[in-house]
Amino acid sequence: MALLGGLAAAAFFATATLCSSRSARMLPPSSVLAWVMVTGLLALLPALALVDVPSVDAGEVGWLLVSGGGNVAGLLLAYSALRRGKVGVVAPVLSTEGAIAAVAAVASGERLAVAAAWLLPPIAVGVALAASGPTTDVPTAPGPTGPGTRPVLLAGIAAGCFGASLYATSRASADLPVA
């Protein structure tokens, strides 16, 4: 079951990344972000109507701000990276968000499973190899794309934002309803 869940997650990530890349090459990244946020809000409104308004303390507000801010900043940076760079280079860097959240969790005192601890270094090496590959092939999609380190840098910062958002979401979700 875990293998099927992992394959489904990979398929969803690949589909979302390819759609995001195409959108970010057709529209400015800020416009893509605005449409994604409006669509997400519209999808979330029915769920919000079904839950009671929880009491939220200052600590939870802080985690929610990091969660939302990290997600918005990460998306804007990811769309900018996908507009300028190759999906095959940008996507592996973006996918490190989970590892970044795991490192944050370990740094805050959570224990990491032995298997995960052994798998993180090879994953980091794989991402570094993917990001450092040749960039001489210029994509043919419209927009200002091409070789360079800027897309990789933007993707790395986006992954950091997403990792912080994931960690903050996990902290906030301990006390707040999902919606």
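Quantities reported herein were computed from a predicted structural model and do not represent experimental measurements. Position numbers for residues count from 1 along each chain, tracking the sequence in the order it is written. Local features in this predicted model are restricted to residues of pLDDT 70 or higher, and side-chain atom pairs are both shown and tallied only at a pLDDT of 80 or more, whereas totals for entire chains, interfaces and linings draw on every residue. Values reported for side chains reflect all heavy atoms of the structure, with hydrogen atoms and water molecules removed beforehand.

A. Broad picture of the overall build of the protein. Helix numbers and strand numbers start at the N terminus; a helix is a DSSP run of H or I with at least 4 residues, a strand a run of E with at least 2. Along its length, the protein carries seven helices and zero strands. Each residue gets one of three labels from its accessible area relative to the maximum for its type: buried under 20%, exposed over 50%, partly exposed in between, using a 1.4 Å probe on protein chains only. Looking at the protein residue by residue over its 179 residues, the buried ones come to 26%. Residues are treated as being in contact if the distance between any of their heavy atoms lies within 4.5 Å. Pairs at least 24 residues apart make up 89% of the contacts formed inside the protein by residues separated by at least 6 positions. Approximately 10700 Å² of the protein is accessible, and the part contributed by carbon and sulfur atoms is 73%. Each accessible area is a Shrake-Rupley estimate made with a 1.4 Å probe; only the visible protein chains count as cover when residues are assessed.

B. Region of interest: the packing of helix α3 (residues 58-84) against helix α7 (residues 150-173). Lines are fitted to the C-alpha atoms to define the axes, a helix being fitted only along its stretch in contact, and any angle between axes, read from their N-to-C directions, falls within 0 to 180 degrees. In contact at an axis separation of 7 Å, α3 and α7 are set at 155° when each is read in the N-to-C sense. Between α3 and α7, the angle is such that the two are roughly antiparallel. Relative to α7, the crossing made by α3 is left-handed. Gly is placed with the polar residues, together with every amino acid not listed as nonpolar (Ala, Val, Leu, Ile, Met, Phe, Trp, Tyr, Cys and Pro) or charged (Asp, Glu, Lys and Arg). Partitioned by chemical class, the residues of the contact of α3 with α7 number 19 nonpolar, seven polar and three charged. Orientation categories follow fixed angle ranges, with anything under 35 degrees roughly parallel, anything over 145 roughly antiparallel, 65 to 115 roughly perpendicular, and all other angles oblique. What makes a crossing left-handed is the near helix being turned counterclockwise from the far one by less than a right angle; a clockwise turn instead makes it right-handed.

C. A look at the nonpolar core. The biggest cluster of nonpolar side chains holds 16 residues, and the ones touching the most others in it are Tyr79, Val90, Leu94, Ala155 and Phe162. Mapped by element, the contributors of at least two residues to this core are α2 (29-50), α3, α4 (87-94) and α7. Considering every element that reaches this core, the biggest residue donor is α3, with five residues. Excluding residues that lie within four positions of it along the chain, Ala155 makes contacts with Ala81, Val90, Val93 and Leu94. Among buried residues, the Ala, Val, Leu, Ile, Met, Phe, Trp, Tyr and Cys ones that are joined through side-chain atoms within 4.5 Å form a nonpolar core.

D. Main features of the environment of Ala99. Within the element layout of this structure, Ala99 appears in helix α5 (residues 97-107). Ala99 sits 60 residues away from Ala159 along the chain, and the two C-alpha atoms are 9.3 Å apart.

E. A look at the environment of Met26. Tracing the backbone shows Met26 in helix α1 (residues 2-26). For Met26 and Arg83, which are 57 residues apart along the polypeptide, the C-alpha to C-alpha distance reads 8.6 Å.

F. Here's a closer look at the side chain of Ser165. Relative to the elements of secondary structure, Ser165 occurs in helix α7. Discounting residues that sit within four places of it in the chain, Ser165 has contacts with Val66, Ser67, Gly70 and Asn71.

G. Representation of the confidence of the model for the protein in the model. Each residue gets a pLDDT score, which is the predictor's confidence in that residue and runs from 0 to 100. For the protein, per-residue confidence averages 86 on the pLDDT scale, and residues scoring 70 or more make up 89% of the total. When pLDDT is averaged over each helix and strand of the protein, the minimum, 76, is found for helix α6 (residues 114-131) and the maximum, 95, for α3.

H. Structural context of the packing of α4 against α7. At a minimum axis distance of 8 Å, the contact between α4 and α7 shows a crossing angle of 25°. The orientation of α4 with respect to α7, classified from their angle, is roughly parallel. As α4 runs across α7, the sense of the crossing is right-handed. For the pair formed by α4 and α7, the contact residues are Val89, Val90, Val93 and Leu94 on the first element and Pro151, Val152, Ala155, Gly156, Ala158, Ala159 and Phe162 on the second.

I. Spatial organisation of α1. A helix is expected to reach a length of 1.5 Å times the quantity of its residues less one. Taking 1.5 Å per residue, 25 residues should reach 36 Å; α1 reaches 36 Å between its end C-alpha atoms and fits that length. On its buried face, α1 sits against α2, α3 and α4.

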